[in-house]
Amino acid sequence: MRLLPAGILLVLLLASLLVGSALAQGETPRLPTDDDVNAVAKQLYCPVCENIPLDVCGTQACAQWRDLIREKLSQGWTEAQIKQYFVDQYGDRVLATPPAEGLNWLVYIVPPVAILAGAYLLYRAFKIWRQPEKSPVGAAEAAPPADEYIRRLEEELTKR
Amino acid sequence: MDVAESTENEVPQVALERSRPRWGRILVWVALLGLLTLLALGLRRTQQGPVTIGSKVPDFSLTTFDGGLIHLSDLEGKVVVLNFWASWCKPCEQEAADLEEAWRFYQPGGEVVFLGVDYVDTEPNALAYLEKFDITYPNGPDLRTRISQAFRISGVPETYIIDRTGVLRSVKISPFLSVAEIKAAIEPLLAE
């Protein structure tokens, strides 16, 4: 009678250990692939090699940054956390797209406003270019030309 | 009457129509001037510096890898050797041992301070570099690249020698080739 509860206890203990180890295996973070690393890296630029995205930059400095991204991803950091870490360490200029704050908003506002203003100016220009087509007839009706030769020429033209 | 009324109504309307584009133009010009002012300010800010020889070095703070905080202004009265480096920089390795040797030479006197600014580097690699070359003088990352931007460094290694009054006295834009060369840059300032 005493052995039975002890046996059950042992079985339960083993079962809990097995379940625990299975859960622990399930929680192990997946090792980040190169694609995972590059997905973050392509949004960053190393200040040493300007204008080359981090995912395709071949310098040792960039390779170290990619290693750091891999390390952070394997620790379970999110993309946003990693980007913020790089901003804190190296400044906003490492970001491919500047954050929409402070004077940076000009980057997002000025181009569309300039395009709209350009479209409006084109519209105005086309409108003005069309107007002179009407004016010669109106002008001829309103005031006869001073030159006798032109007056007679226009008379002949209107007859035809 | 109708004609007179319509004429009276037309006059303010025409005036209104004329005033509209005028206000529009004023707004456009104000916006344009505002934008140009912002651009000029931004340009002025980017054109500031570099710190030239003979000019006072602006104050900066360096957070060291071991958590300390060093302000340049606190080092007045001492000669400061400010070295920019990175673990990925091969030429930096050439001078690393010489800088450390020079530091150990001057450290007991307490008149010279060496500061290492780690430029665009990752901390694990930077710490491995410091350990590899057994560097003991204070070193820290150039957070948000503020210090390197203030000096407008063109790369690494670069070393700036600042005198006791906080004035930049010499710049070395390449690795030091010997301890003697480092001493030659420091000694005249100690004699002053």
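Residues numbered from 1 in each chain as written. Chains lettered and ligands numbered in written order. Predicted model: local features only at pLDDT ≥ 70, side-chain atom pairs only at ≥ 80, totals over all residues.

Quick look at the overall build of chain B
When helices and strands are counted, chain B shows 5 helices and 7 strands. The helix and strand sequence of chain B, counted from the amino end, reads α-β-β-β-α-β-α-β-α-β-β-α. The buried share among the 192 residues of chain B stands at 30%. Long-range contacts, defined as pairs at least 24 residues apart, comprise 72% of the intrachain contacts of chain B with a sequence gap of at least 6. (Helix = DSSP H or I, 4+ residues; strand = E, 2+ residues; numbered from the N terminus. Buried ≥ 20, exposed ≤ 12 C-beta atoms within 10 Å, placed from the backbone. Contact = placed C-beta atoms within 7 Å.)

Looking at unusual backbone geometry
Residue and element names in this part refer to chain B. Cis geometry is found at the peptide bond from valine 156 to proline 157, where omega equals 0°. Residue placement: proline 157 occurs in the loop between helix H4 (146–151) and strand S6 (158–162). Even without a glycine there, the phi angle at valine 120 is positive, about 45°. Position of valine 120 relative to the elements: it lies in the loop between strand S4 (112–118) and helix H3 (123–132).

Concerning the interface of chain A and chain B
With 14 residues of chain A in contact, the opposing surface of chain B contributes 11 residues. Elements supplying a minimum of two residues to the side of chain A that touches chain B: helix H3 (60–74), helix H4 (79–90) and helix H5 (105–130) of chain A. Per-element accounting of the side of chain A that touches chain B gives the leading share, 5 residues, to H3 of chain A. When grouped by side-chain class, the residues that make up the side of chain A that touches chain B number 10 nonpolar, 4 polar and no charged. (Nonpolar A, V, L, I, M, F, W, Y, C, P; charged D, E, K, R; others polar.)

Observations regarding the sheet that holds S4 of chain B
Residues and elements named next belong to chain B. Strand order in the open sheet formed by 5 strands is S5-S4-S3-S6-S7, and the pairing between neighbours is mixed. Bordering the open sheet on either side are strand S5 (139–141) and strand S7 (168–172), each of which pairs with just one other strand. With strand direction ignored, the average angle separating the axes of adjacent strands in the sheet is 20°. As judged from the 4 bridges shared by S6 and S7, these two strands associate in the antiparallel manner. Within S7, the residue paired with isoleucine 162 across the bridge is leucine 168. (Pairing = 2+ DSSP bridges. Axes fitted to C-alpha atoms, helices over the stretch in contact; angles between N-to-C directions.)

Concerning the packing of helix H2 (residues 34–41) of chain A against H3 of chain A
Residues and elements named next belong to chain A. Closest axis-to-axis distance for the H2/H3 pair is 9 Å, and the angle between their directions is 110°. Considered as vectors, H2 and H3 are oriented roughly perpendicular to each other. Crossing of H2 over H3 shows right-handed handedness. Taken together, the residues of H3 that come into contact with H2 (itself represented by Asp36, Val37, Val40 and Ala41) are Arg66, Ile69, Arg70 and Leu73. Per-class residue counts for the contact of H2 with H3 are 5 nonpolar, no polar and 3 charged. (Parallel < 35°, antiparallel > 145°, perpendicular 65-115°, else oblique. Left-handed = near helix turned anticlockwise from the far one by under 90°.)

Observations regarding the nonpolar core
Membership of the largest hydrophobic core comes to 56 residues, with the highest contact counts inside it found for Cys46, Leu54, Ala61 and Ile69 of chain A together with Ala86, Phe114 and Ile162 of chain B. For phenylalanine 114 of chain B, the contacting residues outside a window of four places in its chain are Val81, Asn83, Leu99, Trp103 and Tyr137 of chain B. (Core = buried A, V, L, I, M, F, W, Y, C linked by C-beta atoms within 7 Å.)

Some thoughts on the environment of threonine 33 of chain A
Summarising the element assignment, threonine 33 of chain A is placed in the loop between helix H1 (3–27) and H2. For the pair threonine 33 of chain A and alanine 117 of chain A, spaced 84 residues apart in the sequence, the C-alpha separation amounts to 46 Å.

What to know about the confidence of the model for chain B
Per-chain confidence: chain B averages 89 in pLDDT, with 88% of residues scoring 70 or above. Predicted complex, confidence summary: ipTM 0.74, pTM 0.71. (pLDDT = per-residue confidence, 0-100.)

A few points about the packing of helix H2 (residues 90–106) of chain B against helix H5 (residues 179–191) of chain B
Residue and element names in this part refer to chain B. Packing of H2 against H5 leaves a shortest axis separation of 9 Å and a crossing angle of 50°. If you check the angle between H2 and H5, you find them oblique. Judged by the twist between their axes, the crossing of H2 over H5 is right-handed. Judged by residue contacts, Asp98, Leu99, Glu101 and Ala102 of H2 engage Val179, Ile182 and Lys183 from H5. Partitioned by chemical class, the residues of the contact of H2 with H5 number 4 nonpolar, no polar and 3 charged.

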